[in-house]
Amino acid sequence: MSDPDLTRTPTLTGELVELVPAGSEHVERLHALMGDLEVARLTGSIHDDSEAGRMTLGVPELQRVYARWATDDDRLVWAIVDRTTGRTVGESLLTDHDPGNRSCGFRIWIGEARDGGLGTEATRLSVGHAFGELGLHRVELEVYAFNPRARRVYEKVGFVLEGTRREALRYADGWVDCHLMSMLASEWSPQG
């Protein structure tokens, strides 16, 4: 099997969302969404609620990050667009591509447009692309224990719990476990 091409990010369209290559036109909106307390906390980007809204990267730095990611050959980065409103609501990534093992990581976050099925569909589109178009064998992810909503989405799509990194994230005055989940190509079903 030939190596998949991760140098061109395709547009993926579902009923609820469209995944478009993340570019400079999305950065200001994504930057604003990253400042949301729930996004920052659930992605492990902060270690206390008081840090919410304090972005370590400004828009110019984030522009450079997205420009670099657009040319990387180990990831695909999408902006998630709500098809009803046309607004960018988050980000989805296939990342850390390991060609020898035909595997990659998956990461997603959505701000302000939660609980409407957008995350589930964006996850299905991303994972479906990994298995169907890229021919990968395995996709893996991490989810913090204080994010049961995301874990339910991942299980609904077909991810399986593999293990737990105990007390992997310091948050406020405590520690949070990180669950490791994966899906194999043989387990993938577009219906989840």
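This text follows the structure it describes.
This text gives an overview of the structure that appears in the document.

Rules behind the numbers
Residues numbered from 1 in each chain as written. Predicted model: local features only at pLDDT ≥ 70, side-chain atom pairs only at ≥ 80, totals over all residues. Heavy atoms only, no water. Helix = DSSP H or I, 4+ residues; strand = E, 2+ residues; numbered from the N terminus. Rg over C-alpha atoms; globule rule 2.2 N^0.38 Å. Buried < 20%, exposed > 50% of the residue type's maximum accessible area, 1.4 Å probe, protein only. Contact = heavy atoms within 4.5 Å. Axes fitted to C-alpha atoms, helices over the stretch in contact; angles between N-to-C directions. Parallel < 35°, antiparallel > 145°, perpendicular 65-115°, else oblique. Left-handed = near helix turned anticlockwise from the far one by under 90°. Disulfide = S-S within 2.5 Å.

From N to C terminus, the protein includes 5 helices and 8 strands. Seen in sequence order, the protein has helices and strands lined up from the N terminus as β-β-α-α-α-β-β-β-α-β-α-β-β. A globule of 192 residues ought to have a C-alpha radius of gyration of about 16 Å, and the protein, at 16 Å, matches this closely. C-alpha atoms of the protein, sized along the principal axes, occupy 50 × 40 × 30 Å. Taking all 192 residues of the protein together, 46% fall into the buried category. Pairs at least 24 residues apart make up 65% of the contacts formed inside the protein by residues separated by at least 6 positions.

Moving on: the packing of helix α4 (residues 118-133) against helix α5 (residues 148-157). In contact at an axis separation of 10 Å, α4 and α5 are set at 45 degrees when each is read in the N-to-C sense. Classified by the angle their axes make, α4 and α5 are oblique. The two elements α4 and α5 cross, and the hand of that crossing is right-handed. Each of G119, T120, T123 and R124 in α4 lies in contact with α5, whose residues at this interface are V153, Y154, K156 and V157.

We now examine the state of the cysteines. This structure, assessed with the given rule, holds 0 disulfides. Free of any disulfide, C104 has its nearest neighbouring cysteine sulfur in C178, separated by 16 Å. Looking at C104, the relative accessible area reads 4%, which means it is buried. For C178, a relative accessible area of 0% puts it in the buried group.

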